[in-house]
Amino acid sequence: IVWAYVSDVSPLWNRSRPELRRRFVRSSYAVITRPTSAASPEGVPFLATTFWGEQDLIRGHAYYFPIFLVPEGKNVKKGQEHQLELQATSLEQKPTTNLSADVRAYLAKLGIKNVETNVQRASVIWMHALAIGYSPAYLKENADGIRQDWPRIPLPKSAEMLERSAALGRKIASLLDTENDVRGVTSGTVTPEMKHIAVIESVERKQLRERSEDLALTAGWGHAGKDGVTMPGKGKIVRREYTKLELAAIQSGAKVRGLTLKKALEHLGESTCDVYLNDVAFWGNIPEKVWEYTIGGYQVIKKWLSYRERGLLGRPLTSDEAREVMNMARRITGIILMQPALDANYRKVKAAAYEWGEAESSAKTPKKGNR
């Protein structure tokens, strides 16, 4: 499935959410999380998107927290609800930032003002939340609380630390944003460590033919279950050691990040996987922890494959779809190689966390939308 259509008719999936549709600003991110965990392993309980999404985008029901909202009561023409741009000319036209009064007060204390007119400042809290939420150290240390409730994100007591953390979060958001290329990862001159990740290869080292069964997904990644529900399958993967060329590429990319090869492999995994489309073709060299990477209770690449088995899709993959698996693997590799920096950022924030006063601790939850 590539597109899911939004309708005011209920129940298409569940209850429609016209209020979210009216107030969602299409040109900005929404941060997604859930109230409790509904999966084990859950992986990272956060996502970021510029799209409306379905409630089950992550397990445990996805809640959408837009960074910007169309002002309440604004008269937007039917069919143009998502087209309100951040560069509107008057204050009445501009979207409002989705921040509580207490968070605004916190930002003001740090000297971060004009959050209504500056996109970077308006998004700083949300991007900081992504940076903390994608830290393995944060997820491990707070596992019990995260499992039972909304993730609690510590806030730093300095603007410099908050903005540095938000910069990491923006990198995470760009890697999650599959609608836009990331230079060095999915476009431009691909960096050395990415160049050999998830390369589409032929078993017999022959040219794979476009629009042919060479690209048909028939390795058993998914099948139709009861009432047509797609069920994941085992598929076919071959775990192996890295080649010297693959290790050299990882080492080169790790060095740029200030990491040793050993440290990089601690995060990527000590072995790699060849993931098969069929008996003819496979994606070569998907590091084991990239293959196993889970967001919101779903193993990302395997979940994508399960819906595209030949018998379900009704056709072979296009070359663009086959490359999408490569791009996903490279995006996840980029996130994983950020983990040492994300962990260091979390520990710095934790050691210098802002202490909320009694009045501030009763802050209202930012407005949320579902679906």
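Everything numeric in this text was worked out from a predicted model, so none of it was measured. In every chain, residue numbers begin from 1 and rise along the written sequence. Per-residue local features of the predicted model are confined to residues with pLDDT of at least 70, and side-chain atom pairs are confined, for both listing and counting, to 80 or more; whole-chain, interface and lining totals are unaffected and use all residues. Values reported for side chains reflect all heavy atoms of the structure, with hydrogen atoms and water molecules removed beforehand.

Participant: For this particular structure, what's the right way to read the packing of aromatic side chains?
Facilitator: Think of a pair of aromatic rings as described by two things: how far the centres are apart, and how the planes are tilted against each other in angle. We call Phe, Tyr and Trp rings a pair once their centres come within 6.5 Å, taking the six-membered ring for Trp, and we label the pair stacked below 30 degrees between planes, edge-to-face above 60, and tilted otherwise. Inspection of every chain in the model, using the stated rule, returns nine aromatic pairs. Between the aromatic rings of Phe-65 and Trp-150, the centroid separation amounts to 5.9 Å while the plane-to-plane angle is 80 degrees, which identifies the pairing as edge-to-face. Of the two residues, Phe-65 is situated in strand S3 (residues 63-66) and Trp-150 in the loop between helix H5 (143-148) and helix H6 (159-176); the sequence distance between them amounts to 85 residues. What makes Trp-150 partly exposed here is its relative accessible area of 25%. For the ring pair Tyr-106 and Tyr-354, a centre distance of 4.8 Å and an interplane angle of 70 degrees mean the geometry is edge-to-face. Taken together, the residues span a long stretch of sequence, with Tyr-106 in helix H2 (residues 101-109) and Tyr-354 in the loop between helix H14 (339-351) and strand S14 (369-370) at a distance of 248 residues. An aromatic cluster is built from Tyr-63, Phe-65, Trp-126 and Trp-150, whose rings are joined through pairwise contacts. Starting at the N terminus, helices and strands are each numbered in turn, a helix being any DSSP run of H or I of at least four residues and a strand any DSSP run of E of at least two. We call a residue buried when its accessible area falls under 20% of the maximum for its residue type, exposed when it is over 50%, and partly exposed in between, using a 1.4 Å probe and counting protein chains only.

Participant: What should I look at first to understand the packing of H6 against H14 in this one?
Facilitator: If you want to describe how two helices pack, look at the angle between their axes and the distance between the axes. Interhelical geometry of H6 versus H14 gives an angle of 150 degrees and a closest axis separation of 11 Å. Considering the angle they form, H6 stands roughly antiparallel to H14. Every pair of crossing elements has a handedness; the one defined by H6 and H14 is left-handed. Of the residues in H14, those in contact with Met-161, Ser-165, Leu-168 and Ile-172 of H6 are Ala-341, Leu-342, Asn-345, Lys-348 and Val-349. Among the residues making up the contact of H6 with H14, the classes are represented as six nonpolar, two polar and one charged. For helices, the fitted line uses only the C-alpha atoms of the stretch in contact; every axis is such a line through C-alpha atoms, and the angle between N-to-C directions lies from 0 to 180 degrees. Any angle that falls under 35 degrees is termed roughly parallel, while one over 145 is termed roughly antiparallel, one within 65 to 115 roughly perpendicular, and all others oblique. Helix crossings are classified by the rotation of the near helix relative to the far one: an anticlockwise turn of less than a right angle makes the crossing left-handed, while a clockwise turn makes it right-handed. The contact definition used throughout considers only heavy atoms, calling two residues in contact when any of these lie within 4.5 Å. Asp, Glu, Lys and Arg are counted as charged, while Ala, Val, Leu, Ile, Met, Phe, Trp, Tyr, Cys and Pro are counted as nonpolar; the rest, among them Gly, fall into the polar class.

Participant: In this structure, what is going on with H14? I would like to understand it.
Facilitator: Side chains of residues three or four places apart in an α-helix project in the same direction, reflecting 3.6 residues per turn. By this rule the span expected of a helix is its residue count minus one, scaled by 1.5 Å. The end-to-end C-alpha distance of H14 is 18 Å, a good match for the 18 Å that 13 residues give at a rise of 1.5 Å each. Structurally, H14 contributes buried residues whose contacts are with helix H3 (119-133), helix H4 (136-141), H6, helix H9 (261-268) and helix H13 (319-337).

Participant: Looking at this structure, how should I read the environment of Leu-305?
Facilitator: Relative to the elements of secondary structure, Leu-305 occurs in helix H11 (residues 300-306). On the basis of relative accessibility, which here comes to 0%, the residue Leu-305 falls in the buried class. With 83 residues separating them in the primary sequence, Leu-305 and Gly-222 have C-alpha atoms 7.2 Å apart. When near neighbours in sequence (up to four residues on either side) are disregarded, Leu-305 contacts Leu-217, Trp-221, Val-275, Trp-283, Trp-291 and Val-325.

Participant: Explain the pattern of salt bridges here, please?
Facilitator: Should their charged atoms come close, side chains of opposite charge can pair. Salt bridge, as used here, is a side-chain nitrogen of Lys or Arg placed within 4 Å of a carboxyl oxygen of Asp or Glu. Per the stated rule, a full pass over the model turns up 18 salt bridges. We note a salt bridge from Glu-213 to Arg-310, for which the minimum N-O separation is 3.2 Å. One end of the pair, Glu-213, is in the loop between strand S6 (199-202) and strand S7 (222-224); the other, Arg-310, is in helix H12 (residues 310-313), and 97 residues separate them in sequence. Here Arg-310 falls in the partly exposed class, since its relative accessible area comes to 26%.

Participant: Looking at this model, I keep getting lost on the side chain of Asn-285. Mind explaining?
Facilitator: Among the secondary structure elements, Asn-285 is positioned in strand S11 (residues 281-287). Overall, Asn-285 belongs to the buried group, its relative accessible area being 1%. At a separation of 2.7 Å, a polar atom in the side chain of Asn-285 contacts the side chain of Thr-272. If near-sequence neighbours (up to four positions away) are discounted, Asn-285 is found in contact with His-196, Ile-197, Ala-198, Arg-240, Tyr-242, Glu-246, Thr-272, Cys-273 and Asp-274. Throughout this description, a polar contact denotes any pair of N or O atoms lying within 3.5 Å of each other; where both atoms belong to protein, one of them has to be capable of donating a hydrogen while the other can accept it, and for residues adjacent in sequence the pair is counted only when both atoms sit in side chains.

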